[in-house]
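Given next are the chains, with one letter for each unit.
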Amino acid sequence: KEAKLWGGRFEESVTDTVEKFTESISFDKELYKHDIMGSKAHASMLAKQGLMSDGDRDSILRGLEEIERKIESGEFVWRTDREDVHMNIEAALTDMIGEPAKKLHTARSRNDQVLTDFRLWCRDAIDRILGSVKRLQAALVTLALKNEELIVPGYTHLQRAQPVLLPHLLLAYVEQLERDAGRLHDCRVRMNFCPLGACALAGTGLPIDRFMTSDALGFTSPMRNSIDAVSDRDFILEFLSANSITAVHLSRLGEEWVLWASEEFGFITPSDSVSTGSSIMPQKKNPDPMELVRGKSARVIGDLVTLLTLCKGLPLAYNRDLQEDKEPVFDSVKTVIGMLEVSAEFAHNITFNQERIRKALPAGHLDATTLADYLVHKGMPFRTSHDVVGRAVALCVSKNCQLQDLNLDEMRSISPVFDKDVYEYLGVDNAVKKFRSYGSTGSACVADQLDYWAAKLEINRS
Ligand code: ARG
């Protein structure tokens, strides 16, 4: 058995069971690129500070580049007995270049090293998620532009409420995603501080320059407190919280599209390319991708809960428990990106069944609130007009007709305030036209929203 990098004081080697149980290489090799980045910055700083020669630095830099190349080409052999990504790379460097490699871990511990790697990894992950968020926003805006005039029922309590333009509804999701992106941006800014040089927990007596490594790695500055630097995991708690909120937004979108694709709603038809079938029922065509978007939100929330639970009982500073922080983060990132990408693909592959929606629109008295507003225009207090229209709806229910089917005499039997211009307010097309408040579903307001998003997301509108 090879001696451990930390083996000096040990007389016995660890059992296979312990070795297998404590290893993290099976998952933390994901950090290799950032581990190498961090080591290169660290070696350069050590040379600048006179803690190693320029020659040693150069062999370390060359060696690390060669290791990176080997990892990427699949030649590199990851060893469980070398425990984690940090010791795998350091030991491989020692095998490769010998003596100079032994200087690399000067004024560094795996505790600050792993967090440097992890913050760099998360920073990149956030950038990848932001790209996916933007692609989904663009897909939703494109879908809205394809159906600019389409009126759909808006729901509250899943009961028909008021008519809305479809783009208005789709842009509501775009707004949610924009706040999701904002949360990730904020989290990235707060995360972008450098733990390197905090060493095990207390810093070092060696003359290192933490500002130099922080700068070289693109961090805002070194973390101020070395104990905080190796203990803090709130950067990933915040990150996974942001991911969880995004996942919940996507789950709601998934639920809406699954409903809309049902025979009962029949609002959308997903193309075959984004649907799957049943192994027993030959007729089935299911919207599985969006069901799984809904389903996978559970894992993303679970990942956050895992991390919160992991951290809640830990005293300062580093505890080995914290090695368990990687997999939930990797899983959360991979899952959220998958959810965003498949939702965008789904959006590009659904058509709205205009005729079916059109036919369904008269049901549900979607224009009732507009009619109440009409009476307010005539000077009636709203609470009274609400009651008047309520009675008109009751009349419709008993006659099994729509508000616009009532004749003026019938209307006037309920309130003498009704006049023949009332018909300009009735029916969903008229009703939608009456909306005018900022942020409403009125065509002009929705057109403004579409302009805003198309420009912001650089969507070609030709
Ligand atoms: N693999 C460890 C982790 O991911 C690195 C830090 C280990 N530090 C230690 N003192 N054992 O947390």
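Just so it is clear, the structure is predicted and the values come from calculations on it, not from any experiment.

Side note on the overall build of the protein
Then, in step 1: Along the protein, the regular secondary structure elements total 18 helices and six strands.
Then, in step 2: Computed over the C-alpha atoms, the radius of gyration of the protein is 31 Å, more than 25% above the 23 Å expected from 2.2 N^0.38 for a compact globule of 462 residues.
Then, in step 3: C-alpha extents for the protein along the principal axes are approximately 100 × 55 × 50 Å.
Then, in step 4: Evaluated residue by residue, the protein yields a buried proportion of 39% over its 462 residues.
Then, in step 5: A separation of at least 24 residues holds for 76% of the contacts in the protein among residues at least 6 apart in sequence.

Brief notes about unusual backbone geometry
Then, in step 1: Between Leu-316 and Ala-317 the backbone carries a cis peptide bond, its omega angle lying at 0°.
Then, in step 2: Even without a glycine there, the phi angle at His-157 is positive, about 60°.
Then, in step 3: Even without being a glycine, Asn-400 presents a positive backbone phi close to 55°.
Then, in step 4: The exposure class assigned to Asn-400 is exposed, which follows from the 7 C-beta atoms found within 10 Å.

Overview of the site of the ligand
Then, in step 1: Near the ligand, the surroundings consist of Ser-24, Asp-28, Asp-84, Arg-110, Asn-111, Val-114, Arg-320, Leu-322 and Gln-323.
Then, in step 2: Examining the composition of the shell around the ligand, we find that three residues originate from one element, helix α6 (residues 110–146), more than from any other.
Then, in step 3: For the shell around the ligand, the residue count by class is two nonpolar, three polar and four charged.
Then, in step 4: A domain split of the shell around the ligand shows at least three residues from each of domain 1 (7–106) and domain 2 (111–353).

Concerning the UniProt feature "domain: Fumarate lyase N-terminal" (unreviewed entry) in the protein
Then, in step 1: Residues annotated in UniProt with the feature "domain: Fumarate lyase N-terminal" (unreviewed entry) correspond here to residues 8–302.
Then, in step 2: Secondary structure content for residues 8–302 is 61% helix and 7% strand, while the C-alpha to C-alpha distance between its ends is 40 Å.

Some details on the domain arrangement of the protein
Then, in step 1: Partitioning the protein into structural domains gives domain 1 (7–106), domain 2 (111–353) and domain 3 (360–456).
Then, in step 2: Averaged C-alpha coordinates put domain 1 and domain 2 at centres separated by 31 Å.
Then, in step 3: Every element with two or more residues in the side of domain 1 that touches domain 2 is listed here: α2 (25–28) and α3 (32–48).
Then, in step 4: With nine residues, the single largest contributor to the side of domain 1 that touches domain 2 is α3.
Then, in step 5: Residue composition of the side of domain 1 that touches domain 2, grouped by class: six nonpolar, eight polar and four charged.

Some words on the packing of helix α11 (residues 288–311) against helix α12 (residues 326–348)
Then, in step 1: Orientation of α11 relative to α12, taken along the N-to-C sense of each, is 160°, at an axis distance of 9 Å. Overall, the two elements α11 and α12 adopt an arrangement that is roughly antiparallel. Between α11 and α12 the crossing geometry is left-handed. Note on element contacts: α12 touches α11 through Pro-328, Asp-331, Ser-332, Thr-335, Val-336, Met-339, Val-342, Ser-343 and Phe-346, opposite Pro-289, Met-290, Val-293, Lys-296, Arg-299, Val-300, Asp-303, Thr-306 and Leu-307.
Then, in step 2: In terms of residue class, the contact of α11 with α12 is made up of 10 nonpolar, four polar and four charged.

A closer look at the packing of α6 against helix α7 (residues 166–191)
Then, in step 1: Packing of α6 against α7 leaves a shortest axis separation of 9 Å and a crossing angle of 165°. Between α6 and α7, the crossing angle belongs to the class labelled roughly antiparallel. The element α6 and its partner α7 pack so that their crossing is left-handed.
Then, in step 2: In terms of residue class, the contact of α6 with α7 is built from 21 nonpolar, one polar and four charged.

Focus on the pairing of strand β2 (residues 159–165)
Then, in step 1: Of the pairings in the sheet, the one linking strand β1 (residues 151–156) to β2 comprises six bridges and is antiparallel in character. By the bridge assignment, Tyr-155 is partnered in β2 with Arg-160.

What to know about the UniProt feature "domain: Argininosuccinate lyase C-terminal" (unreviewed entry) in the protein
Then, in step 1: Cross-referencing UniProt, the feature "domain: Argininosuccinate lyase C-terminal" (unreviewed entry) maps to residues 366–433 in the present numbering.
Then, in step 2: Taken as a whole, residues 366–433 contains 60% helix and 0% strand, while its terminal C-alpha atoms sit 13 Å from one another.

Overview of the environment of Gln-283
Then, in step 1: Looking at the element boundaries, Gln-283 is found in the loop between β5 (268–270) and α11.
Then, in step 2: Taking the C-alpha atoms as reference points, Gln-283 and Asn-353, separated by 70 residues in sequence, lie 20 Å from one another.

So, the environment of Pro-100
Then, in step 1: Tracing the chain through its elements places Pro-100 in the loop between α5 (85–97) and α6.
Then, in step 2: By C-beta crowding, Pro-100 is classed as partly exposed, having 19 other C-beta atoms within 10 Å.
Then, in step 3: Between the C-alpha atoms of Pro-100 and Glu-12, which are 88 residues apart in sequence, the distance is 28 Å.
Then, in step 4: Beyond its immediate sequence surroundings of up to four residues, Pro-100 is in contact with Asp-56, Ser-59 and Ile-60.

Points about the environment of Arg-461
Then, in step 1: Within the secondary structure, Arg-461 is located in the segment after α18 (443–456).
Then, in step 2: A tally of 10 C-beta atoms within 10 Å means that Arg-461 is categorised as exposed.
Then, in step 3: With 315 residues separating them along the chain, Arg-461 and Lys-146 place their C-alpha atoms 9.8 Å apart.
Then, in step 4: Look past the residues within four positions of Arg-461 in its chain and what remains in contact with it is Leu-145 and Ala-454.

What about helix α15 (residues 382–399)?
Then, in step 1: When the terminal C-alpha atoms of α15 are compared, their 25 Å separation across 18 residues agrees well with the 26 Å that a helix rising 1.5 Å per residue should span.
Then, in step 2: Three or more residues of α15 are buried, namely Ser-385, Val-389 and Ala-392. The buried residues of α15 occupy an angular sector of 55° when the element is viewed end-on, so they sit on one face. Of the exposed residues in α15, the ones pointing more than 90 degrees away from its buried face are Arg-383, Arg-391, Ala-394, Val-397 and Ser-398.

As for helix α4 (residues 54–73)
Then, in step 1: The end-to-end C-alpha distance of α4 is 29 Å, a good match for the 28 Å that 20 residues give at a rise of 1.5 Å each.
Then, in step 2: Residues of α4 that are buried include every one of Asp-56, Arg-57, Ile-60, Gly-63, Leu-64, Ile-67 and Ile-71, and no others. Here the buried residues of α4 occupy an arc of 130° about the axis, which is enough to place them on one side. Exposed positions of α4 whose direction lies more than 90 degrees from the buried face are Asp-54, Gly-55, Arg-62, Glu-65, Arg-69, Glu-72 and Ser-73.
Then, in step 3: Its buried side turned inward, α4 meets α3 and α5.
Then, in step 4: Downstream of α4 by one or two residues, Gly-74 has phi in the positive range, about 85°.

Cut-off values and rules
- Residues numbered from 1 in each chain as written.
- Predicted model: local features only at pLDDT ≥ 70, side-chain atom pairs only at ≥ 80, totals over all residues.
- Helix = DSSP H or I, 4+ residues; strand = E, 2+ residues; numbered from the N terminus.
- Rg over C-alpha atoms; globule rule 2.2 N^0.38 Å.
- Buried ≥ 20, exposed ≤ 12 C-beta atoms within 10 Å, placed from the backbone.
- Contact = placed C-beta atoms within 7 Å.
- Near = placed C-beta within 6 Å.
- Nonpolar A, V, L, I, M, F, W, Y, C, P; charged D, E, K, R; others polar.
- Domains from an automatic or database assignment.
- UniProt positions renumbered as here; feature names shortened; annotations may be inferred.
- Axes fitted to C-alpha atoms, helices over the stretch in contact; angles between N-to-C directions.
- Parallel < 35°, antiparallel > 145°, perpendicular 65-115°, else oblique.
- Left-handed = near helix turned anticlockwise from the far one by under 90°.
- Pairing = 2+ DSSP bridges.
- Expected span 1.5 Å × (residues − 1).
- Arc of directions from axis to C-beta.

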